[in-house]
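# What the coordinates show
Chain by chain, the residues:
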Amino acid sequence: MPSRKLVSVSEALDLVRDGDEITISGMTFFRNPMMFIAAMLRAGKKDLSFVDREPGFGLDVLVAWGSLRRVRAAMATFEHYGLAPSVRRAAESRQIEYLEDTCGAIIAGLRAGAQGVGFMPVRGVAGSDLVAVHEAAGTWRLIKDPFTGEEIVAVKAITPDVAIIHVHASDEYGNAVIMGPRYEDELKIRAAKKVILTAERIVSDEELRKLTRQCGANLSATTLHTTVVVHAPEGAWPTGVYGLYQPDYKAIEEYYNVAKAGRAKEWISSVLLRRW
C-alpha cells in the first residue's frame, strides 16, 4: 500500500532548500504554481537556480523578489505584452546569471533526465553561438554521431532538485492528472529529484480513474515519483488552468506595467502575498 503524501504548505516548503535548482509547471500564463511560489517568497527561499523551456509569470515574480541567482530558459515571455520585465532587467544588469537555451535543447535535457541517461543528442544547433556558451557552462558538448560521423550537440541531462507542478487533481498518494496541455511537465516529474504537486482538487482513487477516462490520458504523475501533494484550489492564479479558469489578464497586465516601472515587489506584496 503506498504511503499518504498529502501535506500542508509549510511541510512542503521544507523540501526546497536555499541553493536548489527548481523547475515549475506550465508556461507563460498557464498553470504556474503561484500559490506555492507565494509561499516560497514568504518563507524567504533564496539563491535558487531555475530551469524551464518557456516560463513567464511565475519566473518573473521569483526574479523580482530576489529569490533566484541563476536562470536557464529558452525564452522568458509575457506573450503579447513582451519579454518578462523583471527577468529582462535583472539579466541586463547582471543581477542574475541568465543562460539562454533553445526549446529543443531544454526538452532534450529533460528527456534525458526523465529516462535516467546522462545526455540526449539534438540536431540543429551545432552552428549556433550558444554552443560555446553552453560548453563553457558544462551543459552542452559537441560530439560526433557514432553511426554517421555527423557533428551534433549532446545536451547534459537536466535533473532539477525540485519540480513544483500544479495539477488538476490528485489523490492523497500523489497519483495525479493534468487535463489539456501538459507541456514538459511529465518529463519534469520524472527528471526531478523531488516533486511537489499542488492540486486544484484532492480526489478519491475512483474519481481519479474517472477523470483519466474522461480526458483519454494516463496519469501525469504517480506515487512513485511524487514526494508530497498540497491542496491548492485556484493555486495557479493569476495564470490559468485549462478547463477551470482563464488567465486573469487584468491582473497580469497590472503586474506587467508596475514591473516594467521597476515596482514589481509592490504588486507582489499588496496583491499576490495577500491572496494566500
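Data block above holds the structure.
Residues numbered from 1 in each chain as written. Predicted model: local features only at pLDDT ≥ 70, side-chain atom pairs only at ≥ 80, totals over all residues. Heavy atoms only, no water.

What follows concerns the packing of helix H2 (residues 34-43) against helix H10 (residues 264-275). Axis angle and axis distance: for two packed helices, these are the angle between their axes and the distance between the axes, and together they describe the pair. Two elements in contact, H2 and H10, have axes whose closest approach is 10 Å; the angle formed by their N-to-C orientations is 125°. Overall, the two elements H2 and H10 adopt an arrangement that is oblique. The interaxial crossing formed by H2 with H10 has left-handed handedness. Across from Met 34, Ala 38, Leu 41 and Arg 42 in H2, the residues of H10 making contact are Ile 268, Leu 272 and Leu 273. The class makeup of the residues in the contact of H2 with H10 is six nonpolar, no polar and one charged. (Axes fitted to C-alpha atoms, helices over the stretch in contact; angles between N-to-C directions. Helix = DSSP H or I, 4+ residues; strand = E, 2+ residues; numbered from the N terminus. Parallel < 35°, antiparallel > 145°, perpendicular 65-115°, else oblique. Left-handed = near helix turned anticlockwise from the far one by under 90°. Contact = heavy atoms within 4.5 Å. Nonpolar A, V, L, I, M, F, W, Y, C, P; charged D, E, K, R; others polar.)

Inspection of the entire model under this criterion finds eleven aromatic pairs. Taking 5.4 Å as the distance between ring centres and 35° as the angle between the ring planes, the aromatic pair formed by Tyr 81 and Tyr 256 counts as tilted. Within this pair, whereas Tyr 81 is found in the loop between strand E3 (68-73) and helix H4 (85-92), its partner Tyr 256 is found in helix H9 (residues 249-260), the two being separated by 175 residues in sequence. What makes Tyr 256 buried here is its relative accessible area of 8%. Within the aromatic cluster, the residues linked to one another by ring pairs are Phe 29, Phe 57, Phe 78, Tyr 81, Trp 237, Tyr 249, Tyr 255, Tyr 256 and Trp 267. When the ring centre of Trp 65 is taken as reference, the NZ or CZ atom of Lys 265 above it lies at 5.5 Å. (Phe/Tyr/Trp six-rings, centres within 6.5 Å; stacked < 30°, edge-to-face > 60°. Buried < 20%, exposed > 50% of the residue type's maximum accessible area, 1.4 Å probe, protein only. Lys NZ or Arg CZ within 6 Å of the ring centre and 35° of its normal.)

Turning our attention to the nonpolar core. Among the nonpolar cores identified, the biggest contains 51 residues, and Met 40, Phe 57, Val 61, Phe 78, Tyr 255, Trp 267 and Ile 268 are the most heavily contacted of them. Considering every element that reaches this core, the biggest residue donor is H2, with eight residues. The contacts of Trp 267, once residues within four sequence positions are left out, are Phe 57, Trp 237, Pro 238, Ala 251, Glu 254, Tyr 255, Val 258 and Leu 272. (Core = buried A, V, L, I, M, F, W, Y, C linked by side-chain atoms within 4.5 Å.)

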